[in-house]
Amino acid sequence: MGHKRTRARLLAVFILTAAGSAVAQEKHLIDPTPPGSLNPEPLPPLQNPDAPSTPAKELFARKSTPFPGPSRSIGGYFDGCLAGGVPLPITGPTWQVMRLSRNRNWGNPQLVRFIERFAENAKKVGWSGLLVGDMSQPRGGPMLGDHASHQIGLDVDIWFTPMPDHVQSREEREFGSATDVVAPDLLDVDPEVWTHRYTELIRAAAQDPAVTRILVNAAIKKALCREAGADRVWLFKVRPWYGHAEHFHVQIACPAGSAECKPQPPPRLSDGCGQELDFWFKESTLHPPPPKPKPALTLAGLPPACEQIVKAP
Ligand SMILES: [Zn+2]
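Think of each chain on its own: its residues are numbered from 1, step by step along the sequence as written. Thresholds applied to this predicted model are a pLDDT of at least 70 for local features of residues and 80 or more for the giving and counting of side-chain atom pairs; totals over whole chains, interfaces and linings are not thresholded and use all residues. To get the side-chain values, take all heavy atoms of the structure and skip hydrogens and water.

Participant: So, empty space enclosed by the protein: which residues are in play, and what are the values?
Facilitator: Remark: the empty space left among the atoms is shown by a probe the size of a water molecule rolled over them. Grid points spaced at 1 Å and placed over the protein atoms alone form the basis of the search, with a cavity being a set where a 1.4 Å probe fits but cannot get out and a pocket an open set showing protein on both sides within 12 Å along at least five of seven lines. Lining residues have an atom within 4 Å of a point. Grid points are joined across faces, edges and corners, and a volume is the space filled by probe spheres set on the points. Evaluated as defined, the whole model comprises 2 cavities of 30 Å³ or more. Quantified by volume, the second largest cavity comes out at close to 50 Å³. Under the convention adopted here, Pro, Cys and the residues Ala, Val, Leu, Ile, Met, Phe, Trp and Tyr are nonpolar, Asp, Glu, Lys and Arg are charged, and Gly plus all remaining residues are polar. Considering only residue class, the lining of the second largest cavity consists of 3 nonpolar, 3 polar and 4 charged.

This is the structure in structure tokens:
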């Protein structure tokens, strides 16, 4: 199953991209990290940017710089934007940013601090570094593609692939494939890939006080439930979701004093194991019908401040 392991590095990926992404879609509905381009073209200008029906994602995707000034996470994780966004450096001592063409390594400074802190804590459980996927766009907001959240600079996707021992080239970051840790039947983790180190990695993230919620594939949650041992308090933050087989999604809390940030209700204080997982392994959940297309969010669906933020030069 050549498509399944990280092993596919540069050359293989060039050759397999088309076939590989088709398989990935069949398996997990969407490929969250499709390769981009080494020379991304700017998006063409919109015909009618001021029309009220213009999808907000089209406006936010055309902003390649942050809105200046103090950092503000405005609105909700699924309907908001970001002012004063800061970039995570693409190469740090314990992390490397992937898919640079996406320009999504932006966040609230609290998110950047979390990633730095988490990467240090991950070292203590055997991870010499993290590969960082999408954070937010420079001004946050909805994105072209499949994310619904990641809008206010407080979400980050971390790849399950361990960081290589060298600073990766742009090519490697753009075309390298993420490690899929879920078995092909989706019922459990893949024993050929999964190790207890993954449990320790996710535990380290969940134990960070800033973290409110982590999304993983249900097969991964099942493995965490099995491997957590006596220390299970952190498990309540780790929730099953579709996809999330090659990366996990970490959400941090609204920073203290950010009155414009709309918190999500916290997850229930149960470990979420056992029968609570049954829903996720029903045939209709494992292989759901294609989702009905939802009308795109427009500026009217975002806090008023986001209009000024996305329309500023
Ligand atoms: Zn995510």
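Having seen the model, we can carry on.
Participant: Got a sec to walk through the coordination of the zinc ion? Specific residues and values, please.
Facilitator: With water omitted from the atoms examined, metal sites may look incomplete; donors here are N, O and S atoms no farther than 2.8 Å from the metal, or 3.2 Å in the case of Na, K and Ca. Surrounding the zinc ion are the protein donor atoms His 150 (NE2), Asp 157 (OD) and His 249 (ND1), which sit 2.0 to 2.2 Å from the metal. Ordering the donors of the zinc ion by residue number gives the pattern H-x6-D-x91-H. Here the residue His 150 occupies a position in the loop between strand E7 (130-132) and strand E8 (155-159), and His 249 occupies one in strand E11 (residues 247-252), the gap between them amounting to 99 residues. In this scheme, a residue with accessible area under 20% of its type's maximum is buried, one over 50% is exposed, and one in between is partly exposed, where area comes from a 1.4 Å probe on protein chains only. When its relative accessible area of 0% is taken as the criterion, His 150 is described as buried. Only DSSP runs of H or I reaching four residues or more are called helices, and only runs of E reaching two or more are called strands; each is numbered from the N terminus.

Participant: Explain the packing of aromatic side chains residue by residue, including any values.
Facilitator: Only the six-membered ring of Trp is used, alongside the rings of Phe and Tyr, when aromatic pairs are assigned; centres must lie within 6.5 Å, and planes under 30 degrees apart are stacked while those over 60 apart are edge-to-face, with the rest tilted. Under the definition given, this model contains 10 aromatic pairs. Plain terms: the ring middles of Phe 279 and Trp 280 are 5.2 Å apart, the flat faces sit at 85° to each other, and that makes the pair edge-to-face. Residue Trp 280 is classed as buried on the basis of its relative accessible area, which comes to 13%. The rings of Phe 114, Phe 118, Trp 127, Phe 160, Trp 194, Tyr 198 and Phe 248 are connected pair by pair, giving a single aromatic cluster.

Participant: So what's going on with helix H5 (residues 196-206)? Which residues, and what values?
Facilitator: Counting buried positions over the 11 residues of H5 gives 9, a clear majority of the element. Three or more residues of H5 are buried, namely Tyr 198, Thr 199, Glu 200, Leu 201, Ile 202, Arg 203, Ala 204, Ala 205 and Ala 206.

Participant: Could you give an account of the pattern of salt bridges, with specific residues and numbers?
Facilitator: Opposite charge on two side chains lets them pair, provided their charged atoms get close. Criterion for a salt bridge: a side-chain nitrogen of Lys or Arg within 4 Å of a carboxyl oxygen of Asp or Glu. Summed over the entire model, instances satisfying the criterion amount to 14 salt bridges. A salt bridge links Lys 262 to Asp 79; its shortest N-O distance comes to 3.3 Å. In this pair, Lys 262 sits in the loop between E11 and helix H7 (283-286) while Asp 79 sits in strand E2 (residues 79-83), placing the two residues 183 residues apart along the sequence. Look at Lys 262 and you get partly exposed, because its relative accessible area is 45%. It is possible to trace a salt-bridge network through shared partners that takes in Asp 50, Glu 307 and Lys 311.

Functional significance is not addressed by these values, which are geometric in nature.
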